[in-house]
Amino acid sequence: MPIVELKDVKKSFGSLPVLHGVSFTVEKGDVMALIGASGSGKSTALRCIDRLETIDSGTIEVCGHKVHDRDLDLRKLRLDVGIVFQSYNLFPHLTIEENITLAPRSVKKMDKAGAREIARECLAKVGLSEKADNYPEQLSGGQQQRAAIARSLAMEPQVMLFDEVTSALDPKLTGEVLKVIETLAASGMTMIMVTHEMGFARRIADQVVFMHQGLVHESGTSGTLTEPATPELREFVMNDF
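Definitions and limits used
- Residues numbered from 1 in each chain as written.
- Predicted model: local features only at pLDDT ≥ 70, side-chain atom pairs only at ≥ 80, totals over all residues.
- Heavy atoms only, no water.
- Buried < 20%, exposed > 50% of the residue type's maximum accessible area, 1.4 Å probe, protein only.
- Helix = DSSP H or I, 4+ residues; strand = E, 2+ residues; numbered from the N terminus.
- Contact = heavy atoms within 4.5 Å.
- Polar contact = N/O pair within 3.5 Å; in protein donor to acceptor, adjacent residues only side chain to side chain.
- UniProt positions renumbered as here; feature names shortened; annotations may be inferred.
- Right-handed = clockwise from strand over helix to strand, strands pointing away.
- Phe/Tyr/Trp six-rings, centres within 6.5 Å; stacked < 30°, edge-to-face > 60°.
- Axes fitted to C-alpha atoms, helices over the stretch in contact; angles between N-to-C directions.
- Parallel < 35°, antiparallel > 145°, perpendicular 65-115°, else oblique.
- Left-handed = near helix turned anticlockwise from the far one by under 90°.
- Nonpolar A, V, L, I, M, F, W, Y, C, P; charged D, E, K, R; others polar.

**Some words on helix α3 (residues 96-106)**
For α3, the full list of buried residues reads Ile-96, Glu-97, Asn-99, Ile-100, Thr-101 and Pro-104. Those residues of α3 hidden inside the fold are in contact with α4 (112-125) and α5 (141-153).

Now the structure itself:
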């Protein structure tokens, strides 16, 4: 069974249709790059996977959870799915370690010592071991984004979602964050990335899904970015490289 499966998902905001029947699957351990122009529906599709948006019709199953079900247990879903956004959303009055231990302690009821150990392990994974006692304002944008990734990893999710996590960063800081994501991919983490980093997607993605006007217009392996089958993807890739 796929770990993530969308079938004929439709979503409108008021009278504006955004997703017109989106279907795709992600296998456990795979990395999917979800690409497309602004307004194509890719970020909306990602947010629907974590039930940050409810869908109008269709089905979404993630880690065995029926996300489309009105009676979905959101707490259980969020234990299995981590999401990192363009904005870091770190609490400014808490240290980096405190930001990371907050959810394990409040949601998983982990004791302080256990949560601190998890936080230290996750900070090591993202190369921020020495920043545990710092506050967010003392970190660069790239470091804050890596801390946000560590915070999601601390919940030990089965799937990680990334929504344009490098779009607000300069090239050097972008490289720092992408290196962390690449390490996670190598470790076998299942990931779906909304990204405009075509070179990075071509390098690490097992599957590429190109969205256009609210539909999956083309999909395939990362080789799809080298040899697009449709003029729309060809034009999109040419504009990004």
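Now that the structure is up, let's keep going.
**Remarks on the side chain of Arg-146**
Residue position: Arg-146 is located in helix α5. When its relative accessible area of 10% is taken as the criterion, Arg-146 is described as buried. At 2.9 Å, the side chain of Arg-146 forms a polar contact with the backbone oxygen of Val-126. Here the side chain of Arg-146 touches Glu-176 through a polar contact of 3.0 Å, side chain to side chain.

**Here's the deal with the UniProt feature "domain: ABC transporter" (unreviewed entry) in the protein chain**
With numbering matched to this structure, UniProt assigns "domain: ABC transporter" (unreviewed entry) to residues 4-238. Helix and strand shares over residues 4-238 are 36% and 26% respectively, and the end C-alpha atoms of the span are 30 Å apart.

**Brief notes about the pairing of strand β7 (residues 159-163)**
Among the five residues that make up β7, five are buried, leaving the element largely enclosed by the rest of the structure. Across the two faces of β7 the burial is the same, with Val-159, Leu-161 and Asp-163 and Met-160 and Phe-162 all buried. Considered for its hand, the β-α-β crossover made up of β7, helix α6 (residues 171-186) and strand β8 (residues 190-194) is right-handed.

**Comments concerning the packing of aromatic side chains**
Taken as a whole and judged by the stated rule, the model has one aromatic pair. Ring geometry for Phe-210 versus Phe-236: centroids 5.5 Å apart, planes at 40 degrees, classification tilted. Of this pair, Phe-210 sits in strand β9 (residues 207-212) while Phe-236 sits in helix α8 (residues 231-240); the two residues are 26 residues apart in sequence, bridging distant segments of the chain. Across this residue pair, the class does not change: Phe-210 and Phe-236 are buried.

**Brief notes about the packing of α3 against α5**
Two numbers describe how α3 lies on α5: the axes approach to 8 Å, and their chain directions differ by 30 degrees. On the basis of the axis angle, α3 is roughly parallel to α5. Where α3 crosses over α5, the two elements pack in a sense that is right-handed. Mapping the contact onto sequence places Ile-96, Asn-99 and Ile-100 in α3 and Ala-147, Ala-150 and Arg-151 in α5.

**Comments concerning the packing of α3 against α4**
In the contact formed by α3 and α4, the axes pass within 9 Å of each other and the chain directions differ by 125 degrees. Relative to α4, the element α3 lies oblique. When the axes of α3 and α4 are compared, the crossing they make is right-handed. Listed contacts from α4 to Ile-96, Glu-97, Ile-100, Thr-101, Pro-104 and Arg-105 of α3 are Lys-112, Ala-115, Arg-116, Ala-119, Arg-120 and Leu-123. Per-class residue counts for the contact of α3 with α4 are six nonpolar, one polar and five charged.

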